[in-house]
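What the coordinates show
The lines below spell out each chain.
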Amino acid sequence: MSRNLILAAGAALAVCLGGSALTLAQNAGQAQSGGAALRPASSFASIANQHDRSVALFNEMGKVLTHPRCMNCHPATERPRQGDLRKLHEPVVVRGKDGHGAAGLPCATCHGKQNFDPAGVPGDGHWALAPASMAWEGKTIGQICEQLKDQNRNGSRDAAALIKHVTTDTLVLWGWKPGKGRTPAPGTAAEFGALMQAWADSGAACPAP
């Protein structure tokens, strides 16, 4: 192994270990034993007006969409956030051209295929930031709803594809199993998928912007 390669590997390890220590410190004392509850989709059936029922369903979905587990990866800037307190990612990293980090410091430098709880490093097989077109940070629930429905911004997904995405994509599902020191997203993935299905079936109406 060349001297330059050894130095590069050492620098990458230092970055990961430094970031892990900061993450553990930021998350110290934060809850991990389950996130908040979600109302079941069936509980909205009593709302007779279809539009109002659809809006109410999306507002319930908003508990997940605006939770740190989702919002940290949908930032308004090129830099992700981390932890329940949503602090800027340490060490400093950026989105990069494809959401997987800068060429010299891709997400995979530190994030493996699964959580590494001893060091407090979360992981998934395709750890990445959401596309900039799907930045949710700083937006209202209504604005996020319109954005989620816009196929020019959501990856050309119709309602069926959106539901498949949130119920099968491993990085989305990670939000409910985020590892030690992080509060899971509210409810369960199945409950969230059921809410989205009911929202789509009721016309996919959005709350006021």
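See the structure above.
Procedures and definitions
Residues numbered from 1 in each chain as written. Predicted model: local features only at pLDDT ≥ 70, side-chain atom pairs only at ≥ 80, totals over all residues. Heavy atoms only, no water. 1 Å grid on protein atoms, 1.4 Å probe; cavity = no way out; pocket = protein on both sides within 12 Å on 5 of 7 lines; lining within 4 Å. Points joined across faces, edges and corners; volume = space filled by probe spheres on them. Helix = DSSP H or I, 4+ residues; strand = E, 2+ residues; numbered from the N terminus. Phe/Tyr/Trp six-rings, centres within 6.5 Å; stacked < 30°, edge-to-face > 60°. Buried < 20%, exposed > 50% of the residue type's maximum accessible area, 1.4 Å probe, protein only. Disulfide = S-S within 2.5 Å.

Take the layout of surface pockets next. Of the voids in this model, the largest pocket is the one considered here, and its volume is about 630 Å³. If you go around the largest pocket, you meet 32 residues; those closest to its centre are His74, Ala130, Pro131, His165 and Val172. Mapped onto the lining of the largest pocket, the elements with two or more residues apiece are α2 (50–65), α3 (68–71), α5 (159–168) and α6 (170–174).

Inspection of the entire model under this criterion finds 3 aromatic pairs. Here Phe58 and Trp199 contribute two aromatic rings whose centre-to-centre distance is 5.1 Å and whose plane-to-plane angle is 50°, an arrangement assigned as tilted. Of this pair, Phe58 sits in helix α2 while Trp199 sits in helix α7 (residues 189–201); the two residues are 141 residues apart in sequence, bridging distant segments of the chain. With respect to burial, Phe58 and Trp199 carry one shared label: buried. Ring centres of Trp127 and Trp174 lie 5.0 Å apart, and the angle between their planes is 90°; this geometry places the pair in the edge-to-face category. With Trp127 in the loop between β4 (105–106) and α4 (141–149) and Trp174 in helix α6, this pair connects stretches of sequence that are 47 residues apart. The same class applies to Trp127 as to Trp174, namely buried.

Attention shifts here to unusual backbone geometry. In this chain, Glu90 is followed by Pro91 through a cis amide linkage whose omega measures 0°. You can see Pro91 is positioned in the loop between β2 (87–88) and β3 (101–102). Residues other than glycine seldom take positive phi values, yet Ser156 does so here, at roughly 65°. With respect to the helices and strands, Ser156 occurs in the loop between α4 and α5. On the basis of relative accessibility, which here comes to 58%, the residue Ser156 falls in the exposed class. The phi angle at Ala204 is positive, at roughly 50°, despite the residue not being glycine.

Under the definition given, this model contains 1 disulfide. Residue Cys145 pairs covalently with Cys206 via a disulfide, S to S 2.0 Å. An S-S torsion of about -80° defines the bridge between Cys145 and Cys206 as left-handed. Remark: Cys206 occurs in the segment after α7 and Cys145 occurs in helix α4; sequence separation between them is 61 residues. Given a relative accessible area of 0%, Cys145 falls into the buried group. Given the relative accessible area of 12%, Cys206 is considered buried. Here Cys70 stays unpaired: no disulfide links it, and the sulfur of Cys73, its closest cysteine neighbor, is 8.3 Å away. Residue classification places Cys70 among the buried positions, given a relative accessible area of 19%.

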